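Chain residues, written in single-letter form:
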Amino acid sequence: MFEAPYPPWDFTDRGSFETVIKRWPVILTGIIDNIYCRNHDLGVSLPSKTEEEKATIEEVIAEGKAIIAKVGEVKYDMARDRALKPIPEDGEALVDAYNTELQRLTAQKKNTWLTVPWLYSECYLYRLVRSFFVQTNHWRDYDPFLAQKEATFQKSAQAIYQLATTMHELEEDKETLASDPDNLKVIFKEMIQMCLWGNATDLSMLTHMSHEDIQRLQTVGRDAQAARAEYILRDDQEKVWHHLTSLAGETDSRVDFVLDNAGFELFTDFVFADFLVTYTPYVSKVIFHPKLIPWFVSDVTPPDFKSTTQSLLSPSFFPQESTPEGAPASESTEESRAHLYEMVKRWESYIESGVFALSVPIDSPLGTSDEKANFWTSPYPYWNMKELAPKLHESLQGSNLVVFKVGNQPSLGSGRPADYPCQGDLNFRKLTGDVQWPPSTPFETAIGPIAGSFPILSLRTNKADVIVAVDQEVADKLDKSGEKWRYNGKYALVLFQPRSA
């Protein structure tokens, strides 16, 4: 298997250990609080239950207390830089993969919380926590991050209604858009910006496109792109668009999204996919790739994917906020709700017909094992996909473009200041092995053997130390500035790697 010529990032490479001593303990405390609240609610319900129901509830509470104790033990070990323990054989995927790698690290004396490679330890943490739930009778299907994901999603109502109205107006301008690829190109670039920054406001310009409006919007789009250019340290948007337009005339052209965050970011993934299949002649199908266990707090699982359209169609999902004067908030007007309903029903029809598809059965419960999805929650870099996940690799070779998402959504429950690395950026860290590459390393080099296997688009908002494909002069200037540019979420990369000829 491929090994990079540089060492991985670990916790000895910086002057402080915020991730281990601050952020992870906050996340673990959030899990403890979540289970405690669940147990409390169950306890309060006991007086109204039958004796049989009481017995079951008491079992659930006892198992919840046991999970709390185990999570607390991890916090204790972490704070004291103790050795990582093998993941117990719980019947779910990848136990051997994690424990074999841990044995290798132990032999190198790099098996404590502050000496282990960062990428391994973070993946290990979520797989270990998952094992605590799997080894119970009543908590196996429980996602301790679900409430946080839903709460964050519900706060995105204004942007969601705005995007729904924008897509509705695009439908009215469909013929105008189709008349000239340059019209589509303007919107495509704004979709990229939406995915990078999670900013829906810029898409509001893409409505009611008369001929004059298109000319104006192309100018505005160029100006907006220029304003953002200094923050996109490498921008391959033109290359990606050229690649997409080359698919014209092909049948069954397909794009794959390797998903990142649930909630609003998944919503924007749907919007982008909708644009590709509904408004361009270049894409016929989109496949979405989730994680099969609760992962890095906010990552999309199959239940998250399935519930997203259901939540968007529920009239009670978004809180009915009011203005200070008591009038209904503008983002939840009857018209905007109708636009959202129309768009999401189209998505549901696409899911039913297979135009949109999950890479695993949509009803897959947490912990399902699938050869085309297990790899996403392994501790390994993506460059070893062909050897370690051959069926997934073979499947992606059939794609016309694989989009690796790393959005700019705040990490849920991290409690982090803005100036140190968050848990995001995992897709990019795994693409590049989370290795200390020189910043000017070409993207093709940094992704190792996976380069050329299939067309890759990496949409990356910088939220971790690893940096590639940036001019050395630019990197040196930013390093000297003292700005935390590698991980403060202010800068981004749009990287495209074509399929080998």
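Every value quoted in this text rests on a predicted model; they were computed, and no experiment measured them.

K.L.:
In this structure, what is going on with helix α13 (residues 334-353)? I would like to understand it.
P.N.:
Each full turn of the α-helix corresponds to 3.6 residues, which orients residues three or four apart in the same direction. If you check α13, its first and last C-alpha atoms are 29 Å apart, about what 20 residues at 1.5 Å a residue would give, namely 28 Å. Among the residues of α13, those classed as buried are Ser336, His339, Leu340, Met343, Val344, Arg346, Trp347 and Tyr350. Viewed along the axis of α13, the buried residues span an arc of 145°, placing them on a single side of the element. In α13, the exposed residues that point more than 90 degrees away from the buried face are Glu334, Glu335, Glu352 and Ser353. Check the buried side of α13 and you find it contacts α6 (157-172), α11 (264-279), α12 (302-313) and β4 (356-358). Looking one or two residues past α13, glycine 354 carries a phi angle of roughly 95°, positive in sign.

K.L.:
How do you make sense of the sheet that holds β4 when you look at a structure like this?
P.N.:
Through backbone hydrogen bonds, the strands of a sheet pair up, either in parallel or in antiparallel fashion. Strand order in the open sheet made by the seven strands is β1-β7-β6-β5-β2-β3-β4, with mixed pairing throughout. Looking at the sheet topology across the chains shown, the edges are occupied by β1 (232-235) and β4. Sheet twist, expressed as the mean angle between neighbouring strand axes with direction ignored, is 15°. In the sheet, strand β5 (residues 401-406) pairs with strand β6 (residues 456-461) via five bridges, with the strands oriented parallel. Looking at the pairing, valine 402 lines up with isoleucine 456 of β6. Taken strand by strand, helix α8 (residues 181-197) contacts β1, β5, β6 and β7 (492-497), and its axis lies near 50° from that of β6.

K.L.:
Sorry, what's going on with unusual backbone geometry here?
P.N.:
Backbone phi values are negative for most residues with the exception of glycine, while trans is the configuration of most peptide bonds. At aspartate 81, a position not held by glycine, the phi torsion is positive, near 55°. Structurally, the position occupied by aspartate 81 is in the loop between α2 (51-79) and α3 (95-107). The exposure class assigned to aspartate 81 is partly exposed, which follows from its relative accessible area of 27%. The backbone of phenylalanine 296 shows a phi angle near 50°, a positive value even though the residue is not glycine. Note that phenylalanine 296 resides in the loop between β3 (285-289) and α12.

K.L.:
For this particular structure, what's the right way to read the packing of α2 against helix α4 (residues 118-134)?
P.N.:
The relative placement of two packed helices comes down to the angle between their axes together with the axis-to-axis distance. Between α2 and α4, the least distance of the axes is 9 Å, while the angle of their chain directions is 155°. The orientation of α2 with respect to α4, classified from their angle, is roughly antiparallel. The two elements α2 and α4 meet at a crossing, and its hand is right-handed. On α4, the residues that touch Ile67, Lys70, Val71, Val74 and Met78 of α2 are Leu125, Leu128, Phe132 and Phe133. Here the residues of the contact of α2 with α4 sort into eight nonpolar, no polar and one charged.

K.L.:
Help me understand the pairing of strand β2 (residues 254-258), please; the structure alone is not making it clear to me.
P.N.:
In the case of a regular strand, side chains alternate between the two sheet surfaces. For β2, the tally of buried residues reaches five of five residues, placing the bulk of the element in the interior. Burial along β2 is two-sided: Arg254, Asp256 and Val258 and Val255 and Phe257, pointing in opposite directions, are all buried. Inspection of the sheet shows β2 paired to β3 by five bridges, in the parallel sense. Bridge pairing links phenylalanine 257 to phenylalanine 288 in β3. In this region the chain leaves β2, passes through α11 and returns to the parallel neighbour β3; the handedness of that crossover is right-handed. Direction of pairing for β2 relative to β5: parallel, over a ladder of four bridges. Considered in β5, the bridge of valine 255 is made with leucine 401.

Conventions used here
Residues numbered from 1 in each chain as written. Predicted model: local features only at pLDDT ≥ 70, side-chain atom pairs only at ≥ 80, totals over all residues. Heavy atoms only, no water. Helix = DSSP H or I, 4+ residues; strand = E, 2+ residues; numbered from the N terminus. Expected span 1.5 Å × (residues − 1). Buried < 20%, exposed > 50% of the residue type's maximum accessible area, 1.4 Å probe, protein only. Arc of directions from axis to C-beta. Contact = heavy atoms within 4.5 Å. Pairing = 2+ DSSP bridges. Axes fitted to C-alpha atoms, helices over the stretch in contact; angles between N-to-C directions. Parallel < 35°, antiparallel > 145°, perpendicular 65-115°, else oblique. Left-handed = near helix turned anticlockwise from the far one by under 90°. Nonpolar A, V, L, I, M, F, W, Y, C, P; charged D, E, K, R; others polar. Right-handed = clockwise from strand over helix to strand, strands pointing away.

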